[in-house]
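# Coordinate analysis (summary)
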Amino acid sequence: MRSMLEVLRRIVEEVNGAPDLDSALQLIVSQVKRAVKADVCSVYLTDHQQRRHVLRATHGLRQEAVGKVSLPLHRGLVGLVYERAEPINVDDAPSHPRYLFVTETGEVPYHGFLGVPVIQNRKVLGVLVVRQRKPRMFEDNEVTFLFTLAAQLAGAITHAQANGELDAMGAPGEALKRYLEGRASATGVAVGRVVVTYQMDDLAAVPERRCSDPKLEIAQFRDAVSRVEESLRRLQSRLGEVLPTEEKALFDALLLMLGSDSLVTQTIARIEQGEWVQSALHHTIEEHARVFDKMEDVYLRERASDIRDLGRRILMRLQSDTPREVEYPEQTILVGVEVSGVELMEVPRERLAGVVAAKGSSASHVAILARAMGVPAVMGVTDLPVARMEGREVVVDGYHGRVYLSPTPAVRQEYQRMLEEDRQLSTEMEALRGSATETTDGVCVSLYLNTGLVSELGSIADYEASGVGLYRTELPFMVSDRFPGETAQFENYRQVLERFAPRPVTLRTLDIGGDKPLPYFPFEESNPFLGWRGVRISLDHPEIFLTQIRAMLRAAIGLDNMQIMLPMISSVNEVDELLLMIQRAHDELLEEGHPVAMPKIGVMVEVPAAVYLVAELARRVDFISVGTNDLTQYLLAVDRNNSRVADLYNELHPAVLRALVQIVREAERFNCPVSVCGEMAGNPMASVLLLGMGIEALSMSAGSLLKIKWVVQSFSRAQTRQLLQAALRMENAEQVRPLLERALEDVGLGGLLRPGK
Ligand code: PEP
Ligand code: MG
């Protein structure tokens, strides 16, 4: 007898592999009915517009009822499951006060009833029901079984909605509601075509495409297979002596599979039918692996992963032999399960129109990069059907965090209109260029740029900025294929310093780790954001740090507009040690005959520990810059890169606001200047509060500069102080937001809050 868990695993796998929603539903109703030995299993999907639950699949009731029979939103036991959003389990349904007898389904009165809600993002999408003719109370493990499947179903339904499969259910105008939801991570909208980006060894992420030259691709495939075969044989003979028999058998099995006709011929047949080599391989491997997935025997089942491993090897070989020649359409929307900063930068700048990823959130570094480049981004779209998106037209709504696949003409038109309104807003803001950044009562505020790529410079924003408040030096490290040496770094920093001189440029020392890995410096951690990051790496690798400091000091010779900033400080010892190292690099360079000067040195306050050390830090350094991106994640214990908790990440949270007030107050006691360089500084609403705190230096992405200038020019110091006082009395971020929205509306800046006006 197979365990419930085993059955569950199998159904989940099959549902995942189902080609469309109806097949997935059919699978679920028949398998569930069998697994719990019920007389009926049905799925009702909720049509919120029509306020009904529509019978969408059943095993046990009349098939003709599917799509026709529906139940009012709040009636019957199904309505009760919907209302309560929790399971209802009753052994004698007809005696329940909410029981509703429906004749059209060919029902005789059923007694046992278990209904569980299908929930996605806190919203009930439908109800999964099992019924028994005789009275029956379903057991706890049966309830959890249905629950787990309902969660699976939720994903399939959201996919189907986005794909338009649920058209039949929608009323006119519903098209506008058919989208995938993620996190709004960089504002703006885009209409463009998808280019999927994926890891070299990720078979499941290979996008579906047509094959352009079957002969060539078949030859490439055969070649890849024989090379993998060769390398396996080499490995086998090298390890021959030391390998235990079982492992040797594994090699034999892999080689046998490679040599087997079915794997090779099936892939080739797929290519001949028009699939491109990579997805032909993916589908063949999956087909074979699934056969093993279904085996009763644990050992044989494990072979499925060997087959997938073989597939990965061939895929990697295919890709490294024929590096992907990506053709980027004019309006490229880069899509991936995970999109890295490097992948983003690979797209020619003028063609990049938007970014969509299944993982990550608005605080991820790739989102920050997208904002810097001024392209809309939606992160954390958990149900993104990446493999089926290549080449499709999509609309990316970076204001609301929505992605429309193959949009209808009405959707496209609506977004074209928004694009136009965005353009108008930008034109309006253009008028602010060259004007002073002063509050209505004459307080001067300095707006600096956050940047990290020399190639990004040269935009008009450069002339508007008072300098660079945060130069993320890890970005040039990320686009390199090894640690850049002193000379390469020198040239990079020199370019930025020269471009902005005499205005100040703050170079931040290497801040890798967390979600910013270097491909050539890999390490694995289970909690990367609490791990080896920022100055922690610099202290453990003084050679990397010293090389960087030398390059920085030399780059500033004769310009004297450079400041150095240290990230991720959590104790004063770190600062003392790093200051000593900077002094050492400075002295050595002088000895070598370079006329370097000691720059101003500052620290980032972005770890809660540093908030309580502001006095000690202020005594040691020349300035403090608050990194609200990290400070928010650490204060609220919300991983900035995790889409599941992205709703909890909020820089308007009272804890963040109070921490900021405390930092400013402490720093003032020591006359230590404070700026903010986290994304909060570029957020029109939050910037009002920062001004109210008395912060007069804000550093932000180029795209935010004119918006924040507009905010500064629209308020008096007194007004911002009052708003801050009101915000500090509030208990949660949900109260702070409307306060600020109203304040912006009142001074005529509503346009900054939403697309268009
Ligand atoms: C921050 O943490 O606020 C910050 C500016 O640094 P980064 O986003 O690069 O971690
Ligand atoms: Mg940071």
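For clarity, every value in this text was computed on a predicted model and none was experimentally measured. (Residues numbered from 1 in each chain as written. Chains lettered and ligands numbered in written order. Predicted model: local features only at pLDDT ≥ 70, side-chain atom pairs only at ≥ 80, totals over all residues. Heavy atoms only, no water.)

A separate point is the site of ligand 1. Taken together, 17 residues lie near ligand 1, and Arg472, Arg508, Gly627, Asn629 and Arg640 sit nearest. Between ligand 1 and Arg472, the relevant distance is 2.8 Å, taken from an oxygen atom to a side-chain nitrogen or oxygen of the residue. Its free accessible area being 290 Å², ligand 1 has 100% of it covered by the protein chains. Only helix H11 (365-373), strand E16 (468-472) and helix H21 (628-636) provide two or more residues apiece to the shell around ligand 1. When residues of the shell around ligand 1 are assigned to their parent elements, the largest contribution, 3 residues, is made by H21. (Near = heavy atom within 4 Å. Polar contact = N/O pair within 3.5 Å; in protein donor to acceptor, adjacent residues only side chain to side chain. Areas by Shrake-Rupley, 256 points an atom, 1.4 Å probe, with all protein chains shown as cover. Helix = DSSP H or I, 4+ residues; strand = E, 2+ residues; numbered from the N terminus.)

So, about the domain arrangement of the chain. For the chain, the assigned domains are domain 1 (4-169), domain 2 (179-199 + 327-407), domain 3 (203-321) and domain 4 (440-752). Contacts between the two partners involve 17 residues from domain 2 and, on the opposite side, 19 residues from domain 4. When domain 2 packs against domain 4, close to 1600 Å² is buried across both sides, 55% of that on carbon and sulfur atoms. For Glu679, the salt bridge goes to Arg371, with nearest N and O atoms at 2.6 Å. Going through the elements one at a time, helix H10 (341-346) and H11 are the ones with two or more residues in the side of domain 2 that touches domain 4. In terms of residues, the side of domain 2 that touches domain 4 owes the most to one element, H11, which gives 5 residues. Of the residues in the side of domain 2 that touches domain 4, the class split is 7 nonpolar, 7 polar and 3 charged. (Domains from an automatic or database assignment. Contact = heavy atoms within 4.5 Å. Buried area = accessible area lost by both parts, 1.4 Å probe. Salt bridge = Lys/Arg side-chain N within 4 Å of Asp/Glu carboxyl O. Nonpolar A, V, L, I, M, F, W, Y, C, P; charged D, E, K, R; others polar.)

Here we come to the nonpolar core. Within the largest apolar cluster, 127 residues are counted, with the highest numbers of intra-cluster contacts made by Leu566, Leu690, Met693 and Leu698. For this core, the two domains that each supply at least three residues are domain 2 (179-199 + 327-407) and domain 4 (440-752). Apart from residues no more than four positions distant in its own chain, Leu690 is found in contact with Leu660, Val676, Met680, Ala681, Ile695 and Leu698. (Core = buried A, V, L, I, M, F, W, Y, C linked by side-chain atoms within 4.5 Å. Buried < 20%, exposed > 50% of the residue type's maximum accessible area, 1.4 Å probe, protein only.)

What follows covers the coordination of the magnesium ion (ligand 2). On the protein side, the magnesium ion (ligand 2) has Glu606 (OE) and Asp630 (OD) as donor atoms, found 2.0 to 2.2 Å from it. Here Glu606 is found in the loop between strand E19 (600-605) and helix H19 (608-611), whereas its partner Asp630 is found in helix H21, with 24 residues between them in sequence. Comparing Glu606 with Asp630 shows no difference in burial state: the two are buried. (Donors = N, O, S within 2.8 Å, 3.2 Å for Na, K, Ca; no water.)

In spatial order, the strands read E7-E14-E13-E9-E10-E11-E12-E8; together these 8 strands make up an open sheet with mixed pairing. The two strands at the open ends of the sheet, each matched to only one other strand, are strand E7 (180-181) and strand E8 (183-186). Pairing of strand E11 (residues 352-357) with strand E12 (residues 377-379), which is carried by 2 bridges, proceeds in the parallel orientation. The partner of Val356 across the bridge, within E12, is Val378. Set on the sheet, H11 makes contact with E8, E11 and E12; between it and E8 the angle comes to about 50 degrees. (Pairing = 2+ DSSP bridges. Axes fitted to C-alpha atoms, helices over the stretch in contact; angles between N-to-C directions.)

Okay, the pairing of E11 next. With 6 of 6 residues buried, E11 lies mostly within the body of the structure. Relative to E11, strand E10 (residues 332-336) is paired through 5 bridges, and the arrangement is parallel. If you follow Gly336 over to E11, its bridge partner there is Ala357. Considered for its hand, the β-α-β crossover made up of E10, H10 and E11 is right-handed. In this fold, E11 hands off to H11, which returns the chain to E12; that crossover is right-handed. (Right-handed = clockwise from strand over helix to strand, strands pointing away.)

Here we take up the sheet that holds strand E3 (residues 70-72). Pairing is antiparallel in the open sheet, where 6 strands are placed in the order E3-E2-E1-E6-E5-E4. Each of the sheet's edge strands pairs with one partner strand only, and the pair in question is E3 and strand E4 (88-90). Strand-to-strand, the axes of this sheet are offset by a mean angle of 20 degrees, without reference to chain direction. Looking at chain direction, E4 and strand E5 (residues 112-120) are connected through 3 bridges and run antiparallel. Residue pairing in the sheet places Asn89 in a bridge with Leu114 of E5. The strands touched by helix H2 (residues 21-35) are strand E1 (40-47), strand E2 (52-59) and strand E6 (123-132); relative to E2, the strand with the most contacts, the crossing angle is about 65 degrees. Across the face of the sheet, helix H3 (residues 76-84) comes into contact with E1, E2, E3, E4, E5 and E6 while running at roughly 40 degrees to E5.

Our focus in this paragraph is the pattern of salt bridges. The tally for this structure, following the rule as stated, stands at 35 salt bridges. With a closest N to O distance of 2.8 Å, Glu430 and Arg433 form a salt bridge. Judged by its relative accessible area of 36%, Glu430 is partly exposed. Glu486 serves as the salt-bridge partner of Arg550, at 2.8 Å between the closest nitrogen and oxygen. Taken together, the residues Arg550 in helix H17 (residues 542-555) and Glu486 in helix H15 (residues 486-500) connect sequence positions 64 residues apart. On the accessibility criterion, Arg550 (16% relative accessible area) is buried. On the basis of relative accessible area, Glu486 is assigned to the buried category, the value being 18%. Three or more residues are tied together by salt bridges with common partners; here these are Glu474, Arg508, Asp511, Lys516, Arg533, Asp630 and Arg640.

Another aspect to go through is the side chain of Ser704. Looking at the secondary structure, you find Ser704 in the loop between strand E22 (697-700) and helix H24 (705-714). Residue class for Ser704 comes out buried when judged on its relative accessible area of 14%. Polar contacts involving the side chain of Ser704 include one to the main-chain carbonyl oxygen of Gly682, which spans 3.3 Å.

With that settled, the discussion passes to helix H8 (residues 277-293). Taking 1.5 Å per residue, 17 residues should reach 24 Å; H8 reaches 24 Å between its end C-alpha atoms and fits that length. Looking only at H8, the buried set comprises Val277, Gln278, Ser279, Ala280, Leu281, His282, Thr284, Ile285, Glu286, His288, Ala289 and Asp293. (Expected span 1.5 Å × (residues − 1).)

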